[in-house]
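# Overview (structure and organization)
Now for the letters of each chain:
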Amino acid sequence: MVEIEIDGKKVEVPAGSMVMDAANKLGTYIPHFCYHKKLSIAANCRMCLVEVEKAPKPLPACATPVTQGMIVRSNSDKAVKAQKDVMEFLLINHPLDCPICDQGGECQLQDLAVGYGKTSSRYEEEKRVVFHKNVGPLISMEEMSRCIHCTRCVRFGQEVAGVMELGMLGRGEHSEITSFVGKTVDSELSGNMIDLCPVGALTSKPFRYSARTWELSRRKSVSAHDGLGANLIVQVKNNKVMRVVPFENDAVNECWISDKDRFAYEGLNSADRLTKPMLKQGGQWQETDWQTALEYVAHGLKNVKHEHGANAIAGLASAHSTLEELSLLSRVVRGLGSENIETRLRQSDFALTGKIKPWLGMSIAAFAQLKQVFVIGSFLRKDHPLLAARLRQAVKSGTKLSVLHATDDELLMKVATKAVLAPSAWLSFLAEVATEVANVKQISKPAGLIDVAVSDAAQAIATSLLSGAEAQSAGVFLGNTAAQHPDASKIHALAQWIAQNTGAGFGYLTEAANTVGAYLADAVPANADTAANVLSNARKAVVLLNAEPTFDFANPNQAQAVLAQADMVVVMSAFKHGMEYADVLLPISPFTETAGTFVNCEGRAQSFHGVVKPLGDTRPAWKVLRVLGNLLGLDNFDFETAEAVRDAVLGQALAQGQTDLSAKLNNIADVAIASSTPASGLERVSDVPIYSTDAIVRRSESLQRTADAKAAAISLSAAEFARLGIADGDFVKLTQADASVLGAAKLDKSLPATVVRVAAGVLATHQLGAMFGPINVERA
């Protein structure tokens with residue numbers, strides 16, 4: 001530690017720290033623009049010049065290392081004069097357009113100009129003008145004359161997002177920030193550049209000119225869009241969500257959020273919003289009141305139970321629903337005597353039901369500190385943008401990342417070992433890794449494994465994991481695609497054995513905002529047989545909670561067939577959908593209009609309150625389900641608040657401030673290990689595109705105009721292109737089971753020869769069947 005003095009106050013900081021770090025520790029503010037605690041040092045704005053005793057001239061606090069006994073003055077006459085001179089230079093070319101600038105009211109330049117600027121400018125020449133750029137539907141670069149060249153946006157792209165999409169051209173007065181010629185900014189984290197910009201050069205295109213910052217109320221919330229549970233500040237005007245920005249929480253999302261978290265709010269104000277209960281009478285939809293709608297639902301459920309038995313009733317919910325909603329739906333279904341409650345809508349192998357409650361297996365902070373990481377079956381960047389950003393920082397610090405997947409997507413980080421194989425070959429490859437671990441440790445290989453020849457990639461992965469055994473610095477993780485795999489339980493068994501015998505941590509990169517919470521809320525069947533049959537047998541009454549069969553199920557055709565045979569389908573949703581098969585539409589509140597709790601991938605319970613009033617006659621789903629339970633005459637439906645429901649699920653410990661639920665979770669199961677041989681012929685692998693994951697995101701207009709949303713839904717290997725004799729963009733016919741679709745094919749040279757990549761959760765391919773399995777491709 002090194003002791004220095006700043007403005008008469010002494011402070012100790014680690015050797016190698018900068019003066020700015022010491023000032024932050026003391027709580028002393030030093031004006032700055034280019035400095036940011038999460039980015040590298042640039043020292044190019046010079047606003048943080050301070051006086052250092054014995055130094056001949058002022059030095060930048062952000063780039064001056066501390067030395068023992070150093071004496072620093074941040075507000076001496078010499079320092080303040082230097083800071084004022086820098087401010088005068090920065091304002092020379094800055095346009096005087098604060099009244100129409102979206103950054104007005106929250107602008108660093110505006111704030112510091114008050115303290116360090118002059119009342120008039122000595123500069124009388126023409127100001128420079130920088131031509132605007134179009135970099136996509138999310139970020140506006142319409143007024144780049146405002147840019148002060150702090151390069152925060154450039155450094156963020158290179159260092160955090162992992163891709164340099166913006167850069168600086170020219171020198172001196174001719175410098176300007178721009179994108180590559182003809183390119184847009186397409187990173188899934190790009191919106192953070194808006195927050196980082198200290199002036200109004202980069203602003204939010206969807207929010208542009210819609211409100212002034214001082215008109216907005218700021219309210220805390222939690223992201224409903226992925227398993228991380230990013231903390232948010234939701235900004236509201238006239239009972240409408242206008243903007244979403246990050247709330248800093250180093251333990252979860254640091255100071256970043258993904259574009260999905262930031263811009264999905266547009267979906268909340270979609271024209272698709274359902275605002276009144278509706279009943280289908282004689283084939284015609286009619287609006288009605290809540291009392292009539294709920295009595296109709298209760299009467300219908302009682303009739304189905306009386307005529308067909310409780311097993312004919314099912315509840316299917318998206319894991320993007322709150323803990324309270326899932327718990328009460330489970331109580332309704334089970335109160336009627338049925339076990340058919342399910343939230344794992346995109347899974348097809350349920351053999352682990354009742355044996356595990358999957359989670360990350362460690363804290364997010366511990367995940368970021370691992371030195372050897374093996375990820376199985378994950379579209380990492382798009383499925384988990386902020387976890388991928390954490391991992392990217394770890395890899396830059398020396399972490400070795402190994403990957404097993406069916407595609408070779410660009411992860412924007414160095415991958416030490418990768419195995420790109422067809423899904424049916426994953427078990428065989430994991431058997432190779434397990435065999436190598438057994439050979440090195442001189443232990444018996446798992447029972448059930450056939451003799452296999454160990455490939456170089458398997459050997460490298462086993463060696464990497466074993467090297468972290470002593471320090472317990474390795475981790476094995478199953479991604480969304482592994483959990484959705486038809487042999488998910490067998491993959492789990494082998495991955496678990498590998499983790500246990502290499503001393504590695506073992507966990508799941510969970511899919512939805514409340515994947516973990518769904519297990520705690522008891523919103524999954526109690527046994528594997530029931531889970532496997534929830535959607536395979538005809539049901540007479542189905543309640544859908546925040547779930548859209550066209551997009552949210554592993555096999556949309558199967559789900560729609562079940563609904564078509566039902567006597568009554570109840571759709572509980574914030575949006576109008578299912579008009580062709582539903583009998584009742586109940587308008588429920590999205591996460592911004594209700595109180596609730598999400599349990600993220602690390603088992604952290606995060607409760608939140610509604611930030612706006614429910615739209616129209618919309619009601620919070622937990623209240624709707626509570627009333628429905630009472631109308632059905634079920635016990636234990638006397639909750640007055642969402643907090644009371646939460647405490648009933650999680651216990652009183654949570655009410656006392658405890659949020660860590662990891663003790664209630666479990667990734668380890670006693671599962672028989674088996675290997676298999678790869679299939680012959682073409683097989684499908686599915687990704688759920690980043691902006692197709694849930695109902696709100698799918699209705700965000702700006703997100704649906706991005707490059708990710710417009711990406712091809714069908715990708716074929718070079719071998720398949722050669723076999724069919726087609727060119728990029730030509731149409732092909734995909735046939736799976738009894739369903740076919742036509743679509744333009746994209747060449748993906750990284751795909752294995754037998755793999756066809758087909759997006760799930762999108763209109764272009766929703767007519768097809770399961771997310772995995774045999775598929776046929778013909779030239780259209």
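Worth saying up front: this structure is predicted, and the values here are computed from it rather than measured.

## Details of the overall build of the chain
Of regular secondary structure, the chain possesses 25 helices and 34 strands. Relative to the 2.2 N^0.38 estimate, which gives 28 Å for 780 residues, the radius of gyration of the chain is 28 Å and therefore close to what a compact globule would have. Dimensions of the chain, computed from the C-alpha atoms along their principal axes, are close to 90 × 70 × 60 Å. Looking at the 780 residues of the chain, the share that counts as buried comes to 60%. In the chain, the share of contacts with a sequence separation of at least 24, taken over all contacts with a separation of at least 6, comes to 72%. Accessible surface computed for the chain: about 30700 Å², of which carbon and sulfur atoms make up 50%.

## Quick word on the sheet that holds strand β16 (residues 313-317)
Across the sheet, which stays open at both edges, the seven strands sit in the order β15-β14-β25-β24-β23-β16-β17 with mixed pairing between neighbours. Looking at strand neighbours, the two that pair on one side only are β15 (284-287) and β17 (341-342), the edges of this open sheet. Of the strands in this sheet, β14 (278-281), β16, β23 (541-545), β24 (568-573) and β25 (584-587) are in contact with helix α7 (residues 290-308), which crosses β25 at around 130°.

## Let's talk about the environment of Lys355
Along the chain, the position of Lys355 falls in the loop between β17 and α9 (364-369). With a relative accessible area of 41%, Lys355 lands in the partly exposed category. Residues Lys355 and Asp261, 94 residues apart in the sequence, show an inter-C-alpha distance of 32 Å. If we skip the residues at most four places from it in the chain, Lys355 touches Asn666, Ile668, Ala669 and Asp670.

## A look at the pairing of β25
Going residue by residue along β25, you find Val584 and Leu586 tucked away on one face and Leu585 and Pro587 tucked away on the opposite face as well. Pairing of β14 with β25, which is carried by two bridges, proceeds in the antiparallel orientation. When the bridges of β25 are listed, Leu279 appears paired with Val584. One ladder, built from four bridges, connects β24 with β25; its direction is parallel. Considered in β25, the bridge of Val571 is made with Leu585.

## Side note on the UniProt feature "domain: 4Fe-4S His(Cys)3-ligated-type" (unreviewed entry) in the chain
When the UniProt feature table is mapped onto this chain, "domain: 4Fe-4S His(Cys)3-ligated-type" (unreviewed entry) is found at residues 78-117. Across residues 78-117 one finds 60% helix and 0% strand; the C-alpha atoms that close the span lie 16 Å apart.

## Quick word on the packing of helix α12 (residues 426-441) against helix α13 (residues 456-467)
For the pair α12 and α13, the least separation of the axes is 8 Å and the interaxial angle reads 55°. With respect to their mutual orientation, α12 and α13 come out oblique. Relative to α13, the crossing made by α12 is right-handed. Contacts from Phe429, Glu432, Val433, Glu436, Val437, Val440 and Lys441 of α12 reach α13 at Ala457, Ala458, Gln459, Ile461, Ala462 and Leu466. Along the lines of polarity and charge, the residues of the contact of α12 with α13 split into nine nonpolar, one polar and three charged.

## What about the pattern of salt bridges?
Proximity of charged atoms lets side chains of opposite charge pair with each other. Counted by the stated rule, this structure contains 37 salt bridges. Where Lys81 meets Asp85, a salt bridge forms, and the shortest distance between an N and an O atom there is 3.0 Å. Within this pair, Lys81 and its partner Asp85 are both found in helix α2 (residues 77-92), separated by four residues, close to a single helical turn. The partner of Asp647 in a salt bridge is Arg646, with the nearest N and O atoms 3.1 Å apart.

## With respect to the packing of aromatic side chains
Considering all chains together, one arrives at five aromatic pairs under this definition. Taken together, a centroid distance of 6.3 Å and an interplanar angle of 55° make the contact between Phe506 and Tyr508 tilted. Relative accessible area serves as the criterion here: at 6%, Phe506 is assigned to the buried category. Residue Tyr508 is classed as buried on the basis of its relative accessible area, which comes to 8%.

## Quick notes on unusual backbone geometry
Even without glycine at this site, Asp522 takes up a positive phi of about 65°. You can see Asp522 is positioned in the loop between α16 (515-520) and α17 (528-533). Using a relative accessible area of 40% as the deciding quantity, one classes Asp522 as partly exposed. The phi angle at Asn546 is positive, at roughly 60°, despite the residue not being glycine.

## Details of the side chain of Ser424
For Ser424, the position within the fold is in the loop between β20 (417-420) and α12. We classify Ser424 as buried; its relative accessible area is 17%. Within the structure, Ser424 has its side chain in polar contact with the backbone nitrogen of Ala679 (distance 2.9 Å). Once you skip the residues sitting within four places of it in the chain, Ser424 turns out to touch His485, Ser676, Thr677, Pro678, Ala679 and Glu683.

## Side note on the environment of Ala495
Along the polypeptide, Ala495 turns up in helix α15 (residues 488-502). Distance from Ala495 to Phe374, taken between C-alpha atoms, is 9.6 Å for residues 121 residues apart in sequence. Leave out the neighbours within four places in its chain, and Ala495 touches Ile376, Val476, Leu478 and Phe506.

## Description of helix α19 (residues 556-565)
Those residues of α19 that fall on the buried side of the exposure criterion are Pro556, Ala559, Val562 and Leu563. In an axial view of α19, the angular spread of the buried residues amounts to 125°, which keeps them on one side of the axis. Packed against the buried residues of α19 are β23, α18 (549-552) and β24.

## A short note on helix α20 (residues 621-631)
Within the sequence span of α20, burial applies to Ala621, Trp622, Val624, Leu625, Arg626, Leu628 and Gly629. For α20, the secondary structure elements touched by its buried residues are α7, α8 (323-335), β23, β24, β25 and α21 (642-650). Taken from the residues just after α20, Gly633 is the one with a positive phi, measuring 75°.

## Things to note about the sheet that holds strand β12 (residues 231-237)
If you trace the three strands from one edge of the open sheet to the other, you get β11-β12-β13, paired in antiparallel fashion. With one partner strand each, in any of the chains shown, β11 (217-222) and β13 (240-246) form the two edges of the open sheet. The sheet shows a mean angle of 35° between the axes of neighbouring strands, taken without regard to direction. Taken together, the six bridges between β11 and β12 define a ladder with antiparallel strand orientation.

## Digging into the packing of α8 against α20
Contact geometry for α8 and α20: axes closest at 9 Å, N-to-C directions at 20°. Comparing the axis directions of α8 and α20 gives the class roughly parallel. In the crossing of α8 with α20, the sense of the turn from one axis to the other is left-handed. Across the interface between the two elements, Glu324, Glu325, Leu328, Leu329 and Val332 from α8 touch Ala621, Trp622, Leu625, Arg626, Leu628 and Gly629 from α20.

## Description of the pairing of β24
Of all six residues in β24, six are buried, a share of seventy percent or more. Of the two faces of β24, the one holding Met568, Val570 and Met572 and the one holding Val569, Val571 and Ser573 are both buried throughout. Two strands pair when backbone bridges link them, and β23 and β24 are joined in this way by five bridges, in the parallel orientation. What sits directly across from Ala541, in β24, is Met568.

About the thresholds
Residues numbered from 1 in each chain as written. Predicted model: local features only at pLDDT ≥ 70, side-chain atom pairs only at ≥ 80, totals over all residues. Heavy atoms only, no water. Helix = DSSP H or I, 4+ residues; strand = E, 2+ residues; numbered from the N terminus. Rg over C-alpha atoms; globule rule 2.2 N^0.38 Å. Buried < 20%, exposed > 50% of the residue type's maximum accessible area, 1.4 Å probe, protein only. Contact = heavy atoms within 4.5 Å. Areas by Shrake-Rupley, 256 points an atom, 1.4 Å probe, with all protein chains shown as cover. Pairing = 2+ DSSP bridges. Axes fitted to C-alpha atoms, helices over the stretch in contact; angles between N-to-C directions. UniProt positions renumbered as here; feature names shortened; annotations may be inferred. Parallel < 35°, antiparallel > 145°, perpendicular 65-115°, else oblique. Left-handed = near helix turned anticlockwise from the far one by under 90°. Nonpolar A, V, L, I, M, F, W, Y, C, P; charged D, E, K, R; others polar. Salt bridge = Lys/Arg side-chain N within 4 Å of Asp/Glu carboxyl O. Phe/Tyr/Trp six-rings, centres within 6.5 Å; stacked < 30°, edge-to-face > 60°. Polar contact = N/O pair within 3.5 Å; in protein donor to acceptor, adjacent residues only side chain to side chain. Arc of directions from axis to C-beta.

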